[in-house]
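Spelled out, the chains give:
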There are 4 protein chains.
Amino acid sequence: MKDARRPLRSAIGWSTADRIGVWGYDLTRELIGRVNLGDMGFLEIAGRLPNARESRMFNALLVTLVEHGIVPSTLATRMTVAGAPEALQAAVAAGLLGLGSVFVGSTEAAARMLKDALPDPSADVSLRTTARRVVAEHRAARRFVPGLGHPIHKPVDPRTPRLFAIARANGFSGRYVELMKLIAMHAGQAFERPLPVNATGAIGAIACEMGLPWQACRGIGVMARAVGLVGHALEELREPLASEVWHRTEDEASAPIRGKLRRNARTAGRADPARRR
Amino acid sequence: MKDARRPLRSAIGWSTADRIGVWGYDLTRELIGRVNLGDMGFLEIAGRLPNARESRMFNALLVTLVEHGIVPSTLATRMTVAGAPEALQAAVAAGLLGLGSVFVGSTEAAARMLKDALPDPSADVSLRTTARRVVAEHRAARRFVPGLGHPIHKPVDPRTPRLFAIARANGFSGRYVELMKLIAMHAGQAFERPLPVNATGAIGAIACEMGLPWQACRGIGVMARAVGLVGHALEELREPLASEVWHRTEDEASAPIRGKLRRNARTAGRADPARRR
Amino acid sequence: MKDARRPLRSAIGWSTADRIGVWGYDLTRELIGRVNLGDMGFLEIAGRLPNARESRMFNALLVTLVEHGIVPSTLATRMTVAGAPEALQAAVAAGLLGLGSVFVGSTEAAARMLKDALPDPSADVSLRTTARRVVAEHRAARRFVPGLGHPIHKPVDPRTPRLFAIARANGFSGRYVELMKLIAMHAGQAFERPLPVNATGAIGAIACEMGLPWQACRGIGVMARAVGLVGHALEELREPLASEVWHRTEDEASAPIRGKLRRNARTAGRADPARRR
Amino acid sequence: MKDARRPLRSAIGWSTADRIGVWGYDLTRELIGRVNLGDMGFLEIAGRLPNARESRMFNALLVTLVEHGIVPSTLATRMTVAGAPEALQAAVAAGLLGLGSVFVGSTEAAARMLKDALPDPSADVSLRTTARRVVAEHRAARRFVPGLGHPIHKPVDPRTPRLFAIARANGFSGRYVELMKLIAMHAGQAFERPLPVNATGAIGAIACEMGLPWQACRGIGVMARAVGLVGHALEELREPLASEVWHRTEDEASAPIRGKLRRNARTAGRADPARRR
């Protein structure tokens, strides 16, 4: 039986009485006080510390996704605080759970689309032709092209030019960024409306430039948003809004059915049931 | 009815077509490319960006808690990846859920103990007397003093001297750090064994020095560990260990009951049920 | 090293090629098609199947807690569906996370209070005196007595008389139920307002009558509410409300800060930033 | 602005001072004490109470999925208990999070495959031809056919004949069950190994027979497993195994890297770092 066992391996961390190792670095001597939290994020994804340009770029990607005010994930966090104020970690976890295909997943989808279309960035292929093909394929499959357009930020997502400028300044503005822009241009023509690159498209493209796997892109969003959700959980403890949102929603959502109930009660000669609040 | 409504308020974020505001800062112009992820964490807790010393100190606190190799929370993340590899956010959330009273909660407990014992750090009280009183109270209530001792890191938690050195270098080594050290000394005497300040005790004390509320301490651990859990989720996708741990545990945990079942089957003249693996 | 290992044990389940065991029962022959989901819940908590009276009673406790319409936990589930419609399990998990000290935890607190006050239900003590002491202790500690009163259901929580009637009919209306009622009476007098036993108080008392440990009470709520949250997740997929709640909340919560931003922009001679929606 | 608002609607629940409504039923008079937890699950999915046959069938589906001993999801729950014993709801949530595409998701995939292949069960089509086409399509796309085969339960999953017998006895053994069996037969031929219908395939087919939408199938697994996970969380509190699994895994997984560290230390003339445990 024992021989059938597969060995367990992890390259990430280990401890001895006087040392803690993280991805081959000595935590105490080489990481604490020397690197920032974003660098640790790069280390967890790439297995090595970033150089100065990578550090600036990767922290910029993370900072972009930390916070966007009241959104579904921050509301899930706040609703959880209302019921379990003693478990802040559960409130943050509740908020992370919605980072799926609709909101933060588009970063992953954009990176995957680019890597699939251009597996080798140094390959001698026309980006223009590639972009046209990608858009045509999405159109034929009636799928929406990830990383483009935004319901609020129009005509331009203000985060995109900023991220692309930082990418240029740090040597991460190569063929994936170019391909993403060309896809946006062709998609705009094909779908006949402006479809500029949004923040998740920019982040997906820059992650490809940095050599990160597309699977890591959702992780970038998760790291960043966990930081922001802590802020919302703490604000909810100080200045709650969950309870008021709950009561207003419940009042309106069940009003028709409650009204019917009241009418039935009246018909039946019973007193009108008192309404809450 | 409408008058009864309480207004909804959040100071954290807002968006217009061309701007995104975060805690009073313009995300694009003032944050992306200018600050690191740890600074964003400080901003979410304190409502303002840190100065250079605060940035160094707060990033050091976060970096300390990102990673500790295979621990219960990273195993929960890896077990979740095994079942839902398509939902990285859920795997990270599963790992965060165990950051309760046993593991990361001790940071919160240490900070709360210090703030309760010394609400005003400039008060004219003897820290020695305060420390003795705190230890005596915990002893009388048969409660364990938070932030002291470590099962692996003996006689000293290597993270503690490093954190205290950074605190000294950046002006965060005041009366809360001193009180924490005095509590460790008195606890060691009272419980008759070495009880040095561990990493969570150091972080709790330094958070008090920085003026952060004790409620924020669990948030520091949650921000940091979310970053580390992304690394474990991605390693599990590349090099899985969850499945092997599951099978070994299942084999051993149900062996006695399975043996009994087999014996019953034999007695009953039925074939010995084949064992898995 | 090996000798230092503690054995791993679980009495819950096991599998062979042709059988699955659950708490000592053969799943296929003794459980599927023979018992209902509530009986399985009793089995998981008590380690044996319920008899007919226990089955009726325990299912009644569970049915009571499945559903209460739009509440914070169902809103957390719905917010998660909005972001990750592909991960229904994550949406239900998000809703469960808020079942903490405020909402479902009071069942646990009521059961614990009763067990602490009356560890042996057959002990020769006056329930009246015990009830008076319990209320006095809570009053002295300025703590709220769990299981009493309700913001909506006044003057009586309609679930309570129903649950107590079922308890009577099935032999679970003993001294814990009596003690809970006496505590309500004394609390009403002490706090000078009607404080009838609410559903969580009734469930806590009946769980004590059934010999269940107080730790199991939160589990009853979690089992029940998981069933209800599936209903909300599926309704949200068919008829979404999360997105509308989000936009209304965001609009109102960030209006003051957005207004300020607009005034600053005007003063600076810049165009009035267009508002969303 | 107000006119742009979409109304909020939910048909599930509502409350007045003396009544609680759930899916059109009066909770106190029509549900508590009259139906079991499985019936409530049917109500949440179908919007009406089941008849007697539906109740038997649906409870059988649920009971099948409650418990399978030590598996990844129960280990995630137990790891969470180790860190946050005070938050049972979080431990159960952690276990639910892994019910994704690999484990419980296959029920959903099987149901979806059947509904896609046979949208109208009364249509005049050959099930044999349909089954052959479904298998051929999966083969061509190199996709695995959901609901077939099992690593442990060979040659037959013992739950399947039991579920199919209950389906027959209650009038739920129609064309979807037949199609599922034919798909298994053709898949066995095409892939040249026995691929009998497993429990998730049986549940998916029976759910189609009952007229439930395929989206509900993951919900059935989530309801059922939440009940089982409460059992594991409570057993972990009484008889912990998470900590031992953690230490063994950590020891083995980081042994190579720790060995290297020790050798480096020796070479450098430093003392051999003491090993933990």
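Residues numbered from 1 in each chain as written. Chains lettered and ligands numbered in written order. Predicted model: local features only at pLDDT ≥ 70, side-chain atom pairs only at ≥ 80, totals over all residues.

1. Topic: the overall build of chain A
Part 1 of the argument: Counting its secondary structure elements, chain A contains 13 helices and three strands.
Part 2 of the argument: The C-alpha atoms of chain A give a radius of gyration of 24 Å, which is well past the 19 Å a tight globule of 277 residues would have.
Part 3 of the argument: Across its three principal directions, the C-alpha atoms of chain A cover 80 × 65 × 50 Å.
Part 4 of the argument: In chain A, buried positions account for 58% of the 277 residues. (Helix = DSSP H or I, 4+ residues; strand = E, 2+ residues; numbered from the N terminus. Rg over C-alpha atoms; globule rule 2.2 N^0.38 Å. Buried ≥ 20, exposed ≤ 12 C-beta atoms within 10 Å, placed from the backbone.)

2. Thoughts on the sheet that holds strand 1 (residues 13–15) of chain B
All names here are of chain B.
Part 1 of the argument: Within the open sheet, the three strands sit side by side as 1-2-3. Their pairing is antiparallel. Every other strand in the sheet has two partners, leaving strand 1 and strand 3 (25–26) as the edge strands with one partner each.
Part 2 of the argument: Two strands pair when backbone bridges link them, and strand 2 (residues 20–22) and strand 3 are joined in this way by two bridges, in the antiparallel orientation. Counted as the bridge partner of Val 22 is Tyr 25 from strand 3. (Pairing = 2+ DSSP bridges.)

3. Structural notes on the domain arrangement of chain A
Part 1 of the argument: When its domains are assigned, chain A resolves into domain 1 (9–50) and domain 2 (72–238).
Part 2 of the argument: On a C-alpha basis, the centroid separation for the pair domain 1 of chain A and domain 2 of chain A is 27 Å. (Domains from an automatic or database assignment.)

4. A look at the interface of chain C and chain D
Part 1 of the argument: Residue-level contacts link 79 residues of chain C with 80 residues of chain D.
Part 2 of the argument: No other element matches helix 11 (residues 215–238) of chain C, which puts 17 residues into the side of chain C that touches chain D.
Part 3 of the argument: Residue composition of the side of chain C that touches chain D, by class: 42 nonpolar, 20 polar and 17 charged. (Contact = placed C-beta atoms within 7 Å. Nonpolar A, V, L, I, M, F, W, Y, C, P; charged D, E, K, R; others polar.)

5. Focus on the relation of the copies chain B and chain C
Part 1 of the argument: When chain B is fitted to chain C, the residual RMSD is 0.0 Å, and the transformation amounts to a turn of 180 degrees plus an axial shift of 0.0 Å. Expressed as a symmetry operation, the mapping of one chain copy onto the other fits a two-fold axis. Residues of chain B ranked by C-alpha distance from the rotation axis are headed by Ala90(B), positioned 3.3 Å from it.
Part 2 of the argument: When you check the interface residues of chain B against chain C, 100% turn up at the interface there too, and the contact is symmetric in its surfaces. (Least-squares fit on C-alpha atoms with pLDDT ≥ 70 in both.)

6. A short note on the packing of helix 2 (residues 37–46) of chain A against helix 3 (residues 52–65) of chain A
All names here are of chain A.
Part 1 of the argument: Between helix 2 and helix 3, whose axes approach to 9 Å, the crossing angle comes to 100 degrees. As summarised for this structure, helix 2 and helix 3 are arranged roughly perpendicular, according to the angle between their axes. For the pair formed by helix 2 and helix 3, the contact residues are Gly 38, Asp 39, Gly 41 and Phe 42 on the first element and Glu 54, Ser 55, Phe 58, Asn 59 and Leu 62 on the second.
Part 2 of the argument: Classifying every residue of the contact of helix 2 with helix 3 gives three nonpolar, four polar and two charged. (Axes fitted to C-alpha atoms, helices over the stretch in contact; angles between N-to-C directions. Parallel < 35°, antiparallel > 145°, perpendicular 65-115°, else oblique.)

7. Comments concerning the interface of chain B and chain C
Part 1 of the argument: Contact with chain B, which involves 26 residues of that partner, is made by 26 residues of chain C.
Part 2 of the argument: Those elements giving two or more residues to the side of chain B that touches chain C turn out to be strand 1, helix 12 (242–253) and helix 13 (255–267) of chain B.
Part 3 of the argument: Residue composition of the side of chain B that touches chain C, by class: 12 nonpolar, seven polar and seven charged.

8. Looking at the nonpolar core
Nonpolar side chains in soluble globular proteins generally cluster together in the buried interior.
Part 1 of the argument: Grouped together as the largest cluster of nonpolar side chains are 365 residues, with contacts concentrated most on Ile206(A), Ile206(B), Ile206(C) and Ile206(D).
Part 2 of the argument: In this structure Ile206(B) touches Met57(B), Leu61(B), Leu163(B), Ala167(B), Phe172(B) and Val177(B), once residues within four positions along its chain are discounted. (Core = buried A, V, L, I, M, F, W, Y, C linked by C-beta atoms within 7 Å.)

9. Re helix 4 (residues 72–83) of chain B
Part 1 of the argument: With 12 residues, helix 4 of chain B should cover 16 Å at 1.5 Å per step; its first-to-last C-alpha distance of 17 Å lies within 8% of that length.
Part 2 of the argument: Burial runs high along helix 4 of chain B: 12 of the 12 residues are buried.
Part 3 of the argument: For helix 4 of chain B, the set of buried residues is Pro72(B), Ser73(B), Thr74(B), Leu75(B), Ala76(B), Thr77(B), Arg78(B), Met79(B), Thr80(B), Val81(B), Ala82(B) and Gly83(B).
Part 4 of the argument: Packed against the buried residues of helix 4 of chain B are helix 5 (88–96), helix 11 (215–238) and helix 12 of chain B together with helix 4 (72–83), helix 5 (88–96) and helix 12 (242–253) of chain D. (Expected span 1.5 Å × (residues − 1).)

10. Some points on the relation of the copies chain C and chain D
Part 1 of the argument: Aligned on chain D, chain C shows an RMSD of 0.0 Å; the corresponding rotation is 180 degrees and the shift along the axis is 0.0 Å.
Part 2 of the argument: A share of 100% of the interface residues of chain C reappears at the interface of chain D, consistent with the copies meeting face to face through the same patch.

11. Notes on the environment of Arg128(A)
All names here are of chain A.
Part 1 of the argument: Considering the arrangement of structural elements, one finds Arg 128 in helix 7 (residues 127–140).
Part 2 of the argument: Residue class for Arg 128 comes out partly exposed when judged on the 13 C-beta atoms lying within 10 Å of it.
Part 3 of the argument: In this structure the C-alpha to C-alpha distance between Arg 128 and His 138, which are 10 residues apart in sequence, comes to 16 Å.

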